[in-house]
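# Observations on the model geometry
Read off the chains here:
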Amino acid sequence: MSSSRTSDVLVVGGGIIGLVTAWRAAQRGFATAVVEPMPGGGAAEVAAGMLAAVTELHYGEQTLLGLNLASARRYPDFAAELTEATGQALGYRRCGTLAVAFDADDRAQLRELHTLQQRSGLESQWLNGRECRRLEPMLAPGVRGGLRVDGDHQIDPRRLAGALVTACERAGVVFHRVWAKRLSVVRERAAGVRTADGTDLAAGRVVLAAGSLSGRLAGVPDDVLPPVRPVKGQVLRLTVPTRYAPFLTRTVRAVVRGSQVYLVPRDNGELVVGATSEELGWDTTVTAGGVYALLRDAHELVPGITELPLTETRAGLRPGSPDNAPLLGPTELEGLLLATGHHRNGVLLTPVTGDILAHTLTTGELPAEARPFSPRRFTTAALTKQPA
Ligand code: GLY
């Protein structure tokens, strides 16, 4: 067994959430390290990268909406700063989104979403089928109506992750390319981790940002272990040959027979089709059924899709939490903070998560916008408290 040098902040997990936390911590002057075998991997390697605060609004998630919108507002400056720091393009497209409906049930569901959006003060516009097809001529003739949301954009999560790795390196973040095996706790305080190769990494503070694996790190006391679970998403990547461009100009999505399907067109010709949502534990198998369902629903939406080369099929694991919202900030264990549980919104929430963790590491306090997302909402004491 060997010991490695001490950092002020040790981030466990090098997906986009761990990386943005490390980048922001290093910018604040903390000696920062990341422990992760494959920096820039994780759920973002599979994700489509929709920044969909408005089209993915759900009943009962108004508090999360506030955080999602706060992060969406930061995106232009965040993307510009990251590109400036790295010289890398991120595929950030302010392209808007069109959510469409086919049958009466889909239409009723979309109308409900529109009402909820209006009640929440969000901008979206109801269009009839002809207006939808005028915007996106490749849409199927069967489209009966839709919602135009000009504020929901996209970014390429792979380019985002790659740029964050570079930004971290340039800011002096140290990478330990190995799995964290166990949290070290000394005198009831998180003090670092032991890695899979037996190295002890000491740290003043540890941020657990390991996506769906965050609930599995040995050594974390039971009542502090985050209640995150893997939620499988299968995603396809196709290529739009130049002769078909522009195939779609904005993100197009629909609920087809109760399943979500979305098509995200990149500026480099990639077309991402997602995503299944499956509670199957740690399974990341790409199944014939998953691919079939996505292609069937995408074809119903945009029949011309069958002409395109299918270039990749992947499955990733969203870090789901009990209320679909992230767990951010200090835990009941001194020295241990969380940045996990981002579920469907990890890419969208990247800028605000970096800022929240940097603020908390600097001041010891969660900023007001993040208080509803404290991990302490899931501690036994909080869960058993009776309403007054
Ligand atoms: N936010 C898209 C998804 O989780 O599939």
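Residues numbered from 1 in each chain as written. Predicted model: local features only at pLDDT ≥ 70, side-chain atom pairs only at ≥ 80, totals over all residues. Heavy atoms only, no water.

## Let's talk about the environment of Ala 382
Going by this rule: Secondary structure elements are taken from DSSP: a helix is a run of H or I of four residues or more, a strand is a run of E of two residues or more, and numbering for both begins at the N terminus. Whether a residue is buried, partly exposed or exposed follows from its accessible area with a 1.4 Å probe, protein chains only, as a fraction of its type maximum: under 20%, in between, or over 50%, in that order. In what follows, residue pairs with any heavy atoms lying within 4.5 Å of each other are defined as contacts.
Relative to the elements of secondary structure, Ala 382 occurs in helix H8 (residues 380–384). Ala 382 gets classed as partly exposed once you look at its relative accessible area, which sits at 36%. A C-alpha to C-alpha distance of 36 Å links Ala 382 and Arg 111, two positions 271 residues apart in sequence. Once residues lying within four places of it in the same chain are set aside, the contact partners of Ala 382 are Arg 376 and Arg 377.

## Points about unusual backbone geometry
Ala 245 connects to Pro 246 through a cis peptide bond whose omega is -10 degrees. The omega torsion of the bond from Gly 274 to Ala 275 falls at -20 degrees, within 30 degrees of zero and hence cis. Among the structural elements, Ala 275 can be located in the loop between strand S15 (270–274) and helix H6 (288–301). Of note, Arg 187 is a non-glycine position whose phi angle comes to about 50 degrees, a positive value. Note that Arg 187 resides in the loop between strand S9 (180–186) and strand S10 (189–195). Phi is positive for Glu 188, which is not a glycine, with a value near 60 degrees. Here Glu 188 falls in the exposed class, since its relative accessible area comes to 69%.

## Quick word on the nonpolar core
How we decide: We define the nonpolar core as a collection of buried residues of types Ala, Val, Leu, Ile, Met, Phe, Trp, Tyr and Cys that are connected through side-chain atoms lying within 4.5 Å of one another.
Core analysis: the biggest nonpolar cluster contains 49 residues, and Leu 82, Leu 160 and Leu 164 have the highest contact counts within it. Those elements giving two or more residues to this core turn out to be strand S1 (2–12), helix H1 (16–27), helix H2 (62–86), helix H5 (157–170), strand S18 (336–340) and helix H7 (350–363). Considering each element in turn, this core owes the most residues, eight residues, to H1. When neighbours within four sequence positions are excluded, Leu 82 is seen to be in contact with Trp 23, Leu 90, Leu 160, Ala 163, Leu 164 and Ala 167. Counting 27 residues, the second-largest nonpolar core is a separate cluster that includes Leu 248, Val 261, Leu 263 and Ala 298.

## Description of the side chain of Thr 276
Quick note on the threshold: Identification of polar contacts relies on pairs of N or O atoms within 3.5 Å, with a donor-acceptor requirement for protein atoms, meaning one able to donate a hydrogen and the other able to accept it, and with residues adjacent in sequence counted only if both atoms are side-chain atoms.
Relative to the helices and strands, Thr 276 is located in the loop between S15 and H6. A polar contact of 2.8 Å, which involves the side chain of Thr 276, links it to the backbone nitrogen of Gln 234. For Thr 276, the contacting residues outside a window of four places in its chain are Lys 232, Gly 233, Gln 234, Gly 290, Leu 294 and Arg 318.

## A closer look at the packing of aromatic side chains
Basically, it comes down to this: Whether two aromatic rings pair depends on their centres lying within 6.5 Å, for rings of Phe, Tyr and Trp, where Trp uses its six-membered ring; planes under 30 degrees apart make the pair stacked, over 60 edge-to-face, and the rest tilted. Lysine NZ or arginine CZ positioned within 6 Å of the ring centre and within 35 degrees of the ring normal marks a charge as sitting over the ring.
Inspection of the entire model under this criterion finds three aromatic pairs. Seen from their ring centres, Tyr 75 and Phe 78 are 5.6 Å apart, and the 80 degrees between their planes marks the pair as edge-to-face. A residue pair is termed a helical-turn pair when its members lie 3 or 4 positions apart in one helix, as Tyr 75 and Phe 78 do in helix H2 at three residues. For Tyr 75, a relative accessible area of 1% puts it in the buried group. By relative accessible area, Phe 78 is classed as buried at 3%. Each member of the aromatic cluster is reached from another via a ring pair, and the members are Trp 23, Tyr 75, Phe 78 and Tyr 92. One residue, Arg 111, lies across the ring of Trp 126, its end atom 3.8 Å from the ring centre.

## What to know about the side chain of Thr 340
Here Thr 340 lies in strand S18. There is a polar contact of 3.1 Å between the side chain of Thr 340 and the backbone oxygen of Gly 211. Those residues in contact with Thr 340 that sit more than four places away from it in its chain are Leu 208, Gly 211, Ser 214, Pro 226, Val 228, Pro 319, Pro 326 and Leu 327.

## Re the site of the ligand
We apply this condition: If even one non-hydrogen atom of a residue comes within 4 Å of a molecule or strand, that residue is called near it. Only the protein chains shown count as cover for residues, and all accessible areas are computed by the Shrake-Rupley method using a 1.4 Å probe. Residues are grouped as follows: Ala, Val, Leu, Ile, Met, Phe, Trp, Tyr, Cys and Pro are nonpolar; Asp, Glu, Lys and Arg are charged; all remaining types, including Gly, are polar.
Near the ligand, the surroundings consist of Met 50, Glu 56, Tyr 262, Ala 275, Arg 318 and Arg 344. Glu 56 is positioned such that a nitrogen or oxygen atom in its side chain is 3.1 Å from a nitrogen atom of the ligand. Side-chain polar atom of Arg 318 to an oxygen atom of the ligand: 2.7 Å apart, as the coordinates give it. Relative to its free-state accessible area of 190 Å², the ligand is covered by the protein chains to the extent of 86%. Considered class by class, the residues forming the shell around the ligand number three nonpolar, no polar and three charged.

## A look at the UniProt feature "domain: FAD dependent oxidoreductase" (unreviewed entry) in the chain
What counts is decided by this rule: UniProt positions are given in the numbering used here, feature names are shortened, and annotations may be inferred rather than shown by experiment.
When the UniProt feature table is mapped onto this chain, "domain: FAD dependent oxidoreductase" (unreviewed entry) is found at residues 8–359. Within residues 8–359, the helical portion is 28% and the strand portion 29%, while the C-alpha atoms at the span's ends are 15 Å from each other.

## Thoughts on the environment of Leu 225
Structurally, the position occupied by Leu 225 is in the loop between strand S11 (199–208) and strand S12 (229–239). Along the primary structure Leu 225 and Leu 333 are separated by 108 residues, whereas in three dimensions their C-alpha atoms are 9.9 Å apart. If near-sequence neighbours (up to four positions away) are discounted, Leu 225 is found in contact with Ser 214, Gly 215, Leu 217 and Val 220.

## As for H7
So the rule is basically this: The span you would expect from a helix comes to 1.5 Å times its residue count less one.
If you check H7, its first and last C-alpha atoms are 20 Å apart, about what 14 residues at 1.5 Å a residue would give, namely 20 Å. In terms of burial, H7 is a largely internal element, 10 of the 14 residues being buried. Three or more residues of H7 are buried, namely Thr 350, Pro 351, Val 352, Thr 353, Gly 354, Ile 356, Leu 357, Ala 358, Thr 360 and Leu 361. At the C-terminal side of H7, Gly 364 shows a positive phi close to 85 degrees.

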